[in-house]
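# Structural characterization, general
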Amino acid sequence: MVNCKKIALVSLILGIIFVGSFLVNSSQDAIAMFLQKEGTTAKISFLIGKVDVKHAGSRQWEPGREKMVLTKGAKIKTGKDGRLELILLDGSNIQLKENSSLTIRNLGINSRGNRDT
């Protein structure tokens, strides 16, 4: 009976350690995991000022917003006071300063787990 209690206690401790280590992951890792699960390319993690986005297949520009998900073919432009940061599928990030533009042509993870840009 004592051995069962010890096994249960060790299992509980290992479970707490596992959950704790999962929760300690950086927010960028969590965002990258979300992006990979959702099959998306990038997510706006921060923006300030004028930032406009045109999604693939759209004719209209729309204001960018934090947590906006972007896919292949999306275009981004910043105004004279605009800045933004994108979190990419692999957890890396891109920062755009004022008066910049970017088109997401191809970005992903290949079968070997490497960036494919």
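The text that follows walks through the structure, step by step, so that each part is easy to find.

Rules used in this analysis
- Residues numbered from 1 in each chain as written.
- Predicted model: local features only at pLDDT ≥ 70, side-chain atom pairs only at ≥ 80, totals over all residues.
- Heavy atoms only, no water.
- Phe/Tyr/Trp six-rings, centres within 6.5 Å; stacked < 30°, edge-to-face > 60°.
- Lys NZ or Arg CZ within 6 Å of the ring centre and 35° of its normal.
- Helix = DSSP H or I, 4+ residues; strand = E, 2+ residues; numbered from the N terminus.
- Buried < 20%, exposed > 50% of the residue type's maximum accessible area, 1.4 Å probe, protein only.
- Pairing = 2+ DSSP bridges.

### Topic: the packing of aromatic side chains
For the structure on display, the rule yields zero aromatic pairs. Over the ring of Trp61 we find Lys77; its NZ or CZ atom is 4.3 Å from the centre of that ring.

### Focus on unusual backbone geometry
Across residues other than glycine, the phi torsion is negative in most instances, and most of the peptide bonds are trans. For Lys67, which is not glycine, the phi dihedral falls at a positive 75 degrees. Along the polypeptide, Lys67 turns up in the loop between strand E3 (62-63) and strand E4 (69-70). Residue Lys67 is classed as exposed on the basis of its relative accessible area of 64%.

### Structural notes on the pairing of strand E1 (residues 42-48)
Within a regular strand, the side chains alternate between the two sheet faces. Sheet topology note: the E1/E4 ladder contains two bridges and is antiparallel. Along E4, the bridge assignment pairs Ala42 with Leu70. Examined bridge by bridge, E1 and strand E6 (residues 83-88) share six bridges and lie antiparallel to one another. In the sheet register, Phe46 faces E6, and the bridge partner there is Glu85.

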